[in-house]
Amino acid sequence: MKRYDCLEYLVPLITDHLIVTSQSGQRIEWGHLSKHDGNLLLGEMGAALAVAAGIAAALPHRRVIALESDGSVLLTLSSLATVANLGIDNLSVFVFDNGAYSGTRISEPTATSGRTDLAEVALGAGIERSVTVHDLEAFKRQAKAALGGKGLNFIVCKVEESLLHRDIPRPDVDLQENKYKFVRYIQATEGKLPPFIGRG
Amino acid sequence: MEAELAKRLVGGLGDAGIDFMSYLPESRLSQILPLMRSDPRFRLAPAASETDAVSIAVGATLGGKQSACYMESTGIFVSSYQLVVVALHLRVPVLLLVGHLGGFDDQRNSFLYSLPGRLLLPTLDALHIEHTVVKNGDEIEGDIKTAVRTMNALREPVALVFTGDFTI
């Protein structure tokens with residue numbers, strides 16, 4: 001299964017969702033595939049899951065999606081226990097697990113190439129709807145269910161390592177410009193802005 | 001911390017518009033937690049690590065909340081990465097409420113805490129995080145309002161570092 005194919009499937013399913021991506025290939029691929037104003041493309045690993053959880057806690061009636069990677073989730077495993085105990089039921093987490101730190105350019109293996117099973121770790125942390133999918137059809141079934149309805153979903157997507165993102169132009173919107181676009185989208189859809197906006 | 005001081009601290013947070021707080025509890029300011037939990041103005045988000053607490057507070061701010069993040073001094077070391085790559089890089093205001101465990105005026109200081117306590121303020125300086133040390137409750141409500149105004153103006157985290165009377 002290829003990450004790009006999974007993301008390509010997700011794009012038309014997005015309506016008013018709020019999407020947070022971690023830094024890695026999926027940030028580039030998602031930024032290329034989706035021009036949704038509700039995209040927040042973070043610039044580093046180890047934060048997307050918890051940032052998405054904060055958004056979900058603040059806006060409990062909105063469905064929030066985190067696009068994560070194995071290396072990113074492994075960096076802050078405590079987030080799994082934190083998120084499991086937040087009492088949120090509007091967050092879907094997709095972890096694109098290629099078993100490698102692709103950014104190293106020498107494909108150093110992550111712990112999921114060894115003995116670590118992220119879906120089991122999430123389950124043990126208290127995220128009950130935690131599954132692993134190995135093929136595109138299974139991904140589609142899980143994704144469709146996770147994008148609608150309620151629940152805290154954690155879907156580990158076993159993907160082959162791909163260097164496709166290196167052939168895709170990187171997003172040309174910097175982090176702050178993206179942040180403002182994101183909060184303006186929340187303003188347009190919620191009728192309110194964060195308190196730090198509009199004090200000039 | 002005396003019960004009255006805890007009550008004023010919580011009242012000051014509410015009056016300043018804070019309506020969301022992520023936290024990893026510690027020993028100096030922990031009396032605020034039951035007060036906040038029973039106050040409908042606040043949504044609390046307990047975290048297993050300050051790394052999570054900072055990211056959650058950033059997310060909540062982007063979602064429209066006026067967020068605080070409460071931790072002890074060592075939590076700043078633990079969460080420095082998230083403070084830099086998320087809060088500072090995106091420029092998102094979060095009110096950091098930091099119990100100055102091990103600080104000069106920590107009334108319960110010990111050899112266990114003094115080194116990390118000494119390094120807290122230089123670390124905040126190194127992170128370019130504006131901060132004020134609050135030793136007593138004389139102007140606590142004003143201190144909180146000033147910090148919230150400053151963080152919204154800067155669009156960055158600002159820290160209130162609590163010591164002295166808050167550490168009794």
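That block above? That's the structure.
First, a word on what this report is: a plain description of the structure on this page. (Residues numbered from 1 in each chain as written. Chains lettered and ligands numbered in written order. Predicted model: local features only at pLDDT ≥ 70, side-chain atom pairs only at ≥ 80, totals over all residues. Heavy atoms only, no water.)

### A closer look at the packing of helix 3 (residues 50–62) of chain B against helix 5 (residues 80–90) of chain B
When two helices pack together, their arrangement is given by the angle between the helix axes and by the axis-to-axis distance.
All names here are of chain B.
Then comes step 1: Look at helix 3 against helix 5: their axes get within 9 Å of each other, and the N-to-C directions meet at 15°. Between helix 3 and helix 5, the angle is such that the two are roughly parallel. For the pair helix 3 and helix 5, the crossing hand works out as left-handed. Across the interface between the two elements, Thr 51, Val 54, Ser 55, Val 58 and Leu 62 from helix 3 touch Gln 82, Leu 83, Val 86, Ala 87 and Leu 90 from helix 5.
Then comes step 2: Partitioning the contact of helix 3 with helix 5 into residue classes produces 7 nonpolar, 3 polar and no charged. (Axes fitted to C-alpha atoms, helices over the stretch in contact; angles between N-to-C directions. Helix = DSSP H or I, 4+ residues; strand = E, 2+ residues; numbered from the N terminus. Parallel < 35°, antiparallel > 145°, perpendicular 65-115°, else oblique. Left-handed = near helix turned anticlockwise from the far one by under 90°. Contact = heavy atoms within 4.5 Å. Nonpolar A, V, L, I, M, F, W, Y, C, P; charged D, E, K, R; others polar.)

### Points about the environment of Val 161 of chain B
Residue and element names in this part refer to chain B.
Then comes step 1: Take Val 161: it is sitting in strand 6 (residues 158–162).
Then comes step 2: Using a relative accessible area of 0% as the deciding quantity, one classes Val 161 as buried.
Then comes step 3: Along the chain, Val 161 and Val 98 lie 63 residues apart, while their C-alpha atoms are 4.8 Å from each other.
Then comes step 4: When near neighbours in sequence (up to four residues on either side) are disregarded, Val 161 contacts Val 98, His 100, Leu 120, Leu 121, Leu 124, His 131, Thr 132, Val 133 and Val 134. (Buried < 20%, exposed > 50% of the residue type's maximum accessible area, 1.4 Å probe, protein only.)

### As for the interface of chain A and chain B
Note on interface size: it is often stated as the accessible area lost on association of the parts.
Then comes step 1: With 34 residues of chain A in contact, the opposing surface of chain B contributes 30 residues.
Then comes step 2: Taking both sides of the interface into account, the surface hidden between chain A and chain B amounts to around 2600 Å²; carbon and sulfur atoms contribute 64%.
Then comes step 3: Where chain A packs against chain B, one counts 0 salt bridges.
Then comes step 4: Between the two partners, chain A and chain B, sit 11 residue pairs in polar contact (both at pLDDT 80 or more).
Then comes step 5: Residue assignment for the side of chain A that touches chain B shows that the elements contributing at least two residues are helix 3 (48–58), helix 5 (78–84) and helix 8 (175–190) of chain A. (Buried area = accessible area lost by both parts, 1.4 Å probe. Salt bridge = Lys/Arg side-chain N within 4 Å of Asp/Glu carboxyl O. Polar contact = N/O pair within 3.5 Å; in protein donor to acceptor, adjacent residues only side chain to side chain.)

### Overview of the nonpolar core
Then comes step 1: Membership of the largest hydrophobic core comes to 71 residues, with the highest contact counts inside it found for Leu 40, Ile 55, Leu 91 and Phe 154 of chain A together with Leu 62, Ile 76 and Leu 96 of chain B.
Then comes step 2: It is helix 3 of chain A that contributes the most residues to this core, 10 residues altogether.
Then comes step 3: When sequence neighbours within four positions are dropped, the list of residues in contact with Phe 154 of chain A reads Val 73, Leu 80, Val 93, Val 95, Leu 118, Ala 119, Ala 122, Ile 127, Arg 129, Ser 130 and Val 131 of chain A.
Then comes step 4: In this structure, Leu 13, Met 21, Leu 44 and Ile 144 of chain B belong to the second largest nonpolar core, which totals 30 residues. (Core = buried A, V, L, I, M, F, W, Y, C linked by side-chain atoms within 4.5 Å.)

### Regarding a nonpolar patch on the surface
All names here are of chain B.
Then comes step 1: Together, Phe 77, Leu 115 and Leu 119 line one region of the surface with nonpolar side chains, adding up to about 240 Å² of accessible area.
Then comes step 2: Looking at where Leu 119 falls in the secondary structure, it is placed in helix 6 (residues 114–126).
Then comes step 3: A relative accessible area of 37% places Leu 119 in the partly exposed class. (Patch = residues over 30% accessible without salt bridge, like charges linked within 9 Å, V, L, I, M, F, W, Y side chains within 5 Å. Areas by Shrake-Rupley, 256 points an atom, 1.4 Å probe, with all protein chains shown as cover.)

### With respect to helix 6 (residues 118–125) of chain A
All names here are of chain A.
Then comes step 1: All of the buried residues along helix 6 are Leu 118, Ala 119 and Ala 122. End-on, the buried residues of helix 6 take up no more than an arc of 100°, which puts them together on one face. Opposite the buried face of helix 6, at more than 90 degrees from it, the exposed residues are Glu 120 and Gly 124.
Then comes step 2: Contacts from the buried residues of helix 6 go to helix 4 (70–75), helix 5, strand 4 (90–97), strand 7 (129–133) and strand 8 (151–158).
Then comes step 3: By the N-cap criterion, in which a side-chain oxygen at the helix start approaches the backbone nitrogen of a residue two or three places on, helix 6 is capped by Asp 117, the distance to Ala 119 being 3.0 Å.
Then comes step 4: At the exit of helix 6 stands Gly 126, carrying a positive phi of roughly 115°. (Arc of directions from axis to C-beta.)

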